[in-house]
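Examining the three-dimensional arrangement
Spelled out, the chains give:
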Amino acid sequence: MDILAYSAVELSAAIKQGKVTAVEAMEAVLSRIDERESDINAYVTMDREQALKAAAAVQEKIEKGELNGVLAGVPVAVKDNLCTEGMRTTCSSKILENFVPTFSAEAVVNLEKAGAVVIGKTNMDEFAMGSTTETSAYGVTRNPWNTDHVPGGSSGGSAAAVAAGECYFALGSDTGGSIRQPASFCGVVGLKPTYGTVSRYGLVAYGSSLDQIGPLTKNVADCAAVLEVIASHDVKDATSINRKEENKDTDFTAALVDDVKGMKIGIPRDYFGEGLDGEVKDAVLAAARQLAAKGAVVEEFDLSLVAYAIPAYYTIAAAEASSNLERFDGIKYGYRAASFEGLHDMYKKTRSEGFGAEVKRRIMLGSFVLSSGYYDAYYLKALKVKAMIKNAFDDAFAKYDLIFGPVAPTTAPKLGESLSDPLKMYLGDIYTISVNLAGLPAISLPCGKDSKGLPIGLQLIADSFQEKKLIQAAYTYEKQ
């Protein structure tokens, strides 16, 4: 069997059985990167020597019996907004072009403890602000299925790397769909966990009340295995939840059961109206019929407030971004303008030169909605809408185990189509952002291709802490 054809869990099992080694797996990945990276540009930073050295160290521990987890020896790619000790972390921005953290994000630490081996850092929309991975200061990432198209964003580099075989799985972050939408566009599996399930320590913040780290993988079994490793309570993150204390277990691989008999699945009529591409609609509804054929109870219902999700999300996210990005001023770390006159001029020039257009747009929007006279009119109103959206989901989950729908209105657009019209790009998040506003878990998985051969994704949404229901339904569909 070709080493690159293994899933992450299969590879680790093969390494433990002595069929392959962790070093051979890393060499295979690096060889694939050499073949495809010039076309795809999934990575911002790589350290080949360190990756091979780490793989050899892990192999030695596996042979001694010191590492026996389901991810031991598996090469992983990490989104470039997750800190990695000793390896550059840029958030795909010029302003952090030379930033090398002295610590690693908790999610990365958990993976390394489990024996996963970091290959490098994946490209993304600058500071996770975008839906196409075209706002990166280090060039656009291209969709492996068709390099004239975007891979989605902001975790586009992670999704493209998994789809192209440039890693076995990857970590991404999801603020308004940034794991699920690129997973859909690239034909891979992507899961956004319940807010607080995975520690945000070491994740460079965009929207602190919305951000959540999650896996992008080849299949649902890998997704469950990775989530089980990275989910942990962390005292360093004030929003981290101790799920064991709350009796919300994290034994996600136990949910890999091919059975949805009696599971109630609701399809929001609001998600299938104007603006949804016909081919996407047909593929997603066909998937719903397949789950119904396996014994699920599938019915339509009205999920209110969908139209208000986008303005509420972009108001809140931009406000939090303007506050979080205040720290990048050229004083403590990162880029500093070469010539300036006085402190204020240095601030202005550093930020003007260091930030890209989309980041500046969102900082300005966020500063505006938080300013005196507009705080009540915009920001507080958006927070009220956020609470109303959570209530609407609570009402839905009183009747249904899962909510089912599309991930995005269309398949991956061509490069350049979205950036020319930012509003159009924002509207592309219509089906994903409500999940972040309500702090819910959701998964994207492939459900077909359109007439151009581009992947179509379906989305399953569950109530808080019900990832196991998501995984069970997704696994059942995948096993069709």
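For the structure itself, look to the data block above.
Residues numbered from 1 in each chain as written. Predicted model: local features only at pLDDT ≥ 70, side-chain atom pairs only at ≥ 80, totals over all residues. Heavy atoms only, no water.

**Some points on the state of the cysteines**
We count it as follows: Only a pair of cysteine sulfur atoms within 2.5 Å qualifies as a disulfide here. Burial classes follow relative accessibility: with a 1.4 Å probe on protein chains only, a residue under 20% of its type's maximum area counts as buried, one over 50% as exposed, and anything between as partly exposed.
Counted according to the given criterion, the structure contains zero disulfides. Its sulfur unpaired, C167 is 11 Å from the next cysteine sulfur, which belongs to C186. No disulfide involves C223; its sulfur sits 13 Å from the nearest other cysteine sulfur, which is in C167. C223 sits in the buried class, given a relative accessible area of 1%.

**Brief notes about the sheet that holds strand 1 (residues 43-46)**
What counts, and what does not: Only strands that DSSP links by at least two bridges are regarded as paired with each other. Helix and strand definitions here come from DSSP, where helices need a minimum of 4 consecutive H or I residues and strands a minimum of 2 consecutive E residues; each element is numbered from the N-terminal end. Axis lines are fitted to C-alpha atoms, over the contacting stretch for helices. Their N-to-C directions set the angle, which ranges from 0 to 180 degrees. Here a residue-residue contact requires only that any non-hydrogen atoms of the pair lie within 4.5 Å.
Taken together, eleven strands build an open sheet; the order of strands is 1-3-2-4-6-5-10-11-9-7-8 and the sheet is mixed. Edge strands, defined here as strands with exactly one partner in the open sheet, are strand 1 and strand 8 (297-301). The mean inter-strand angle of the sheet, taken between neighbouring strand axes irrespective of direction, is 30°. One ladder, built from five bridges, connects strand 7 (residues 264-268) with strand 8; its direction is parallel. The residue bridging K264 from the neighbouring strand is V297, located in strand 8. Across the sheet, helix 7 (residues 220-230) is in contact with strand 4 (169-174), strand 5 (189-192), strand 6 (212-217) and strand 10 (442-449); its angle to strand 6 comes to roughly 145°. Sheet strands in contact with helix 12 (residues 375-397) are strand 8, strand 9 (402-406) and strand 11 (455-462), and its direction is about 115° off that of strand 9.

**Observations regarding a nonpolar patch on the surface**
Note the cut-off: To count toward a patch, a residue needs a relative accessible area over 30% and no salt bridge; like charges are then connected within 9 Å, while nonpolar side chains (Val, Leu, Ile, Met, Phe, Trp, Tyr) are connected within 5 Å. Note on areas: Shrake-Rupley with a 1.4 Å probe; residue coverage comes only from the protein chains shown. Only one rule defines a salt bridge in this text: a Lys or Arg side-chain nitrogen within 4 Å of an Asp or Glu carboxyl oxygen.
A cluster of nonpolar side chains, namely L365, F368, Y374 and Y378, defines an oily patch on the protein surface of about 360 Å² accessible area. Structurally, L365 is set in helix 11 (residues 357-369).

**Observations regarding the packing of helix 2 (residues 22-40) against helix 3 (residues 48-63)**
Applied cut-off: Note on terminology: angles under 35 degrees are roughly parallel, angles over 145 are roughly antiparallel, angles of 65 to 115 are roughly perpendicular, and the others are oblique. Crossings are assigned a handedness: left-handed for a near helix turned anticlockwise from the far helix by less than a right angle, right-handed for a clockwise turn. When residue character is reported, Ala, Val, Leu, Ile, Met, Phe, Trp, Tyr, Cys and Pro are called nonpolar, Asp, Glu, Lys and Arg charged, and the others, Gly included, polar.
Close contact between helix 2 and helix 3 brings their axes to 8 Å; oriented N to C, the two are set at 155°. The orientation of helix 2 with respect to helix 3, classified from their angle, is roughly antiparallel. The chirality of how helix 2 crosses helix 3 is right-handed. Residues A22, V23, M26, E27, L30, I33 and D34 of helix 2 pack against R48, A51, L52, A55, A56 and Q59 of helix 3. A breakdown of the residues in the contact of helix 2 with helix 3 according to their chemical character gives nine nonpolar, one polar and three charged.

**Side note on the nonpolar core**
If you look at soluble globular proteins, the nonpolar side chains tend to sit buried side by side. Our working rule: Take the buried residues of types Ala, Val, Leu, Ile, Met, Phe, Trp, Tyr and Cys, join any two whose side-chain atoms come within 4.5 Å, and each joined set is a nonpolar core.
Counting residues in hydrophobic clusters, the biggest one holds 151 residues, and the most contacted among them are L111, F127, Y168, F393, F404 and L460. Looking at this core element by element, the count peaks at ten residues for helix 9 (residues 306-324).

**So, the environment of V298**
Here V298 is to be found in strand 8. When the C-alpha atoms of V298 and S322 are compared, they prove to be 42 Å apart, with 24 residues separating the residues in sequence. Excluding residues that lie within four positions of it along the chain, V298 makes contacts with I265, I267, A288 and A292.

**So, unusual backbone geometry**
A negative phi angle is the norm for most residues apart from glycine, just as the trans form is the norm for most peptide bonds. Residue G153 is joined to S154 through a cis peptide bond whose omega torsion reads 5°. Position of S154 relative to the elements: it lies in the loop between strand 3 (117-122) and helix 5 (156-163). With a phi angle near 65°, A128 is a residue other than glycine that sits in the positive phi range. Structurally, A128 is set in the loop between strand 3 and helix 5. We classify A128 as buried; its relative accessible area is 3%.

**A look at helix 4 (residues 106-113)**
Taken together, the buried positions of helix 4 are occupied by E106, A107, V108, N110 and L111. Buried residues belonging to helix 4 abut strand 2 (75-79), strand 3, strand 4, strand 6 and helix 7. Within two residues after helix 4, G115 carries a phi angle of roughly 100°, on the positive side.

**Looking at the pattern of salt bridges**
This model, assessed by the stated rule, comprises 19 salt bridges. The partner of K469 in a salt bridge is D401, with the nearest N and O atoms 3.1 Å apart. With a gap of 68 residues between them, K469 in helix 15 (residues 467-478) and D401 in the loop between helix 12 and strand 9 connect regions that are remote in the sequence. What makes K469 partly exposed here is its relative accessible area of 27%. Each of E106, D234 and K236 takes part in salt bridges that share partners, so that together they form one network.

**Side note on the side chain of T45**
Stated precisely, the cut-off is as follows: Two N or O atoms form a polar contact when they lie within 3.5 Å of each other; inside protein one atom must be a possible hydrogen donor and the other a possible acceptor, and for residues adjacent in sequence the pair counts only when both atoms belong to side chains.
Here T45 is to be found in strand 1. Judged by relative accessible area, which is 12%, T45 ranks as buried. Polar side-chain contacts of T45 include one of 3.1 Å to the side chain of R88. Once residues lying within four places of it in the same chain are set aside, the contact partners of T45 are M87, R88, G120 and K121.

**Here we look at the pairing of strand 2**
On any regular strand, side chains alternate: one points to one face of the sheet, the next to the other face. The condition is simple: When the strands point away from the viewer and the connection leading from the first strand across the helix to the second strand turns clockwise, the crossover is called right-handed.
Extensive coverage of strand 2 is indicated by the burial of five of its five residues. Going residue by residue along strand 2, you find P75, A77 and K79 tucked away on one face and V76 and V78 tucked away on the opposite face as well. Of the pairings in the sheet, the one linking strand 2 to strand 3 comprises five bridges and is parallel in character. Directly across from V78, in strand 3, lies its bridge partner K121. For the segment spanning strand 2, helix 4 and strand 3, crossover handedness is right-handed. The pairing of strand 2 with strand 4 spans three bridges and is classified as parallel. Bridge assignment links V78 to a residue of strand 4, and that residue is L171.

**Examining the packing of helix 7 against helix 15**
The N-to-C vectors of helix 7 and helix 15 enclose an angle of 160°; their axes lie 9 Å apart at closest approach. It follows from the interaxial angle that helix 7 and helix 15 lie roughly antiparallel. Of the two possible hands of crossing, helix 7 and helix 15 adopt the one that is left-handed. Residues V220, A224 and L227 of helix 7 pack against E467, I471, A474, Y475 and E478 of helix 15. Looking at side-chain class alone, the contact of helix 7 with helix 15 contains six nonpolar, no polar and two charged residues.

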